[in-house]
Amino acid sequence: MYARTIITMQNEIEPERVQVVVVGAGISGLQAARLLRDKYSIKVLEARERVGGRLQNHFFANGDSVDVGGQWVGPGQDRMYRLIGELGSSVWPLYDCGDNLLYLAGKSRRYRGTIPKINPIALADLGIAMARFESMARSLDPAAPWLHKKATYWDAMTLESWLQKNCRTKLARQLFAVGIGAVFAAEPTELSLLHALFYARSGNSLETLLAVTGGAQQDRVHGGTAGLCEAMARELGERVQCNAPVEAVTELPGGSLQVRHRDGVIICNRVIVAVPPNQALRIRFEPELPAWRDKLLQRMPAGSCIKCIARYEKPFWRDSNLSGQVASPEGPVRVTFDNSEQGKASGLLMGFLEGDVARYYSSVSPGERREAVLDSFARYFGETARNPLEYVDKDWSSEGWTRGCYAALFAPGTWTGGGERLREANGPIHWAGTEFAVEWFGYMEGALEAAERVAAEVNTALNGAAGSNNIDTRETLHV
């Protein structure tokens, strides 16, 4: 079905020839290909046996499906809602009725809204810290956070350092850290303060990123977000090739590029790299990428997350007027949601292991991890939660072509030590993916924004070249 490498009698390789190669069939790479397909010949190369990248469906024995990767969309994510409509899908709201739970010191406390009810001193402390953080984030330009007058100062400290100075009570720091884990899948010690502020500003506000109704967790997609990628791949047809990890990208004497993957060689004019930054480091570039680009990619490790879902006969917690949402600094599951699909009878309870906790439970047996997760569920919702019909978890740090979620983390010094060139093309090599977005960095919406930018860059570059297909077929291949 796909063009393949042919070994000739002269031991030369007959390559496939297209104008644009997209590396990675996640939502960003697929969208970039969709935006360019009507004007240029395209090939999308995906290392996995499936499309979707950090978006993936799991099917339970009864046929119900659930996202074990990215899943939510919310207000302000106009590209995502538009894409969902274009592909004939629809959304439903995450269950957000009844009381949320704060589990603290062995006791559950009911509350409504984003911030739980705690003792007045800690509540005031948390409120002041949140307001201060939001004010700082609003002062940033998300397109250029390094230009802020305090950028160097903010980028020199971790978020943890800032919390120690701005949260006077231990409980306020703990609850702030729970929110940070939920947003970044990381510990406050891992993040530059500037990056945390940028991230919040990129998604409107930290409160938006934490909220359900009216926030980033508002809606789910029928058929799963991976289903969107599958639909996009069907549109692209034979342009998409799975099981084809890219090994090397070589610039040829005439300016074209040779892309070597597991099964063959492609000659093209432009390459769009649409994989997580840590995976881009696995590709050999000849000539080597500029030192600044290589160092920047090295300083963008992924967060650590294990997503866990238990399926029950019904969402039994609703009988007690509970939303299924829990916040707890005690863990190991520190955040839960009711992930049941609208119109389905099953009750799906979802929790996350994040940051240090995810790294620990990544190294234990699946059975031990399952027991620890269900212990948390039972502590929050009673013994019924200990005995699901089915259970699944996804350790994204162990996923071979991902090695972490939700998105790349920026440690101190990254933004001001080269971040201003993050989205810059390296000659004919362009960069897509959510980590290269201005708006909604770390979200599917950001992935689509980055796809639009690189599609415009490639279109400008190829329109400026002579002829409709400017590949020099005389160039010598690097075999």
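Going by the structure above, here's the rest.
Each value, and the rule that gives it
- Residues numbered from 1 in each chain as written.
- Predicted model: local features only at pLDDT ≥ 70, side-chain atom pairs only at ≥ 80, totals over all residues.
- Heavy atoms only, no water.
- Helix = DSSP H or I, 4+ residues; strand = E, 2+ residues; numbered from the N terminus.
- Rg over C-alpha atoms; globule rule 2.2 N^0.38 Å.
- Buried < 20%, exposed > 50% of the residue type's maximum accessible area, 1.4 Å probe, protein only.
- Contact = heavy atoms within 4.5 Å.
- Areas by Shrake-Rupley, 256 points an atom, 1.4 Å probe, with all protein chains shown as cover.
- Lys, Arg positive; Asp, Glu negative; His and termini not counted.
- Charge placed at Lys NZ, Arg CZ, Asp CG, Glu CD.
- Core = buried A, V, L, I, M, F, W, Y, C linked by side-chain atoms within 4.5 Å.
- Pairing = 2+ DSSP bridges.
- Axes fitted to C-alpha atoms, helices over the stretch in contact; angles between N-to-C directions.

Draft legend 1. Structural detail: the overall build of the chain. A tally of regular secondary structure across the chain gives 14 helices and 23 strands. The C-alpha atoms of the chain give 23 Å as radius of gyration, which agrees with the globular expectation for 479 residues (23 Å, within 12%). Taken over 479 residues, the chain has a buried fraction of 60%. Across the chain, the fraction of contacts at a sequence separation of at least 24, relative to all contacts at a separation of at least 6, is 73%. When the accessible area of the chain is evaluated, it comes to approximately 19000 Å², of which 49% is carbon and sulfur surface. Each charge class in the chain can be summarised by its mean position, and for the 53 positive and 55 negative side chains these summaries are 4 Å apart.

Draft legend 2. Here's a closer look at the nonpolar core. Within the largest apolar cluster, 91 residues are counted, with the highest numbers of intra-cluster contacts made by F133, W162 and F176. In contact with W162, other than residues within four places in its own chain, are A129, R132, F133, M136, M157, F176 and L193. In this structure, I27, L36, M80 and C229 belong to the second largest nonpolar core, which totals 38 residues.

Draft legend 3. Up close: the sheet that holds strand β19 (residues 322-327). The seven strands lie next to each other as β10-β9-β19-β20-β21-β18-β22, forming an open sheet whose pairing is mixed. Bordering the open sheet on either side are β10 (107-111) and β22 (390-395), each of which pairs with just one other strand. Ignoring strand direction, the axes of neighbouring strands in this sheet form an average angle of 20°. By the bridge criterion, four bridges tie strand β20 (residues 335-338) to strand β21 (residues 347-354) in an arrangement that is antiparallel. When the sheet's bridge partners are listed, T336 is paired in β21 with G351. Most of the contacts of helix α13 (residues 366-381) go to strand β18 (residues 305-312), to which it runs at about 65°, and overall it touches β9 (99-104), β10, β18, β19, β20, β21 and β22.

Draft legend 4. Representation of the environment of A455 in the model. Among the structural elements, A455 can be located in helix α14 (residues 444-463). Spatially, the C-alpha atoms of A455 and R359 are 36 Å apart, while their sequence positions differ by 96 residues. Excluding residues that lie within four positions of it along the chain, A455 makes contacts with A32, L35 and L36.

Draft legend 5. Quick peek at the sheet that holds strand β15 (residues 264-268). Read across the sheet, five strands follow the order β3-β15-β14-β13-β17 without closing on themselves; strand pairing throughout is mixed. Edge positions in the sheet fall to β3 (16-17) and β17 (284-286), since each has one partner strand and no second. Both strand β13 (residues 246-251) and β17 contribute to a ladder of three bridges, which runs parallel. Across the sheet, T250 pairs through a bridge with E286, a residue of β17.

Draft legend 6. Representation of the pairing of strand β16 (residues 270-273) in the model. The alternating pattern of β16 places R270 and I272 and V271 and V273 on opposite faces, both of which are buried. Pairing geometry for strand β4 (residues 20-23) and β16, over four bridges, is parallel. The residue bridging V23 from the neighbouring strand is V273, located in β16. Where β16 lies against strand β23 (residues 429-431), three bridges are found, and the strand directions are parallel. Counterpart to V273 in the pairing with β23 is W431.

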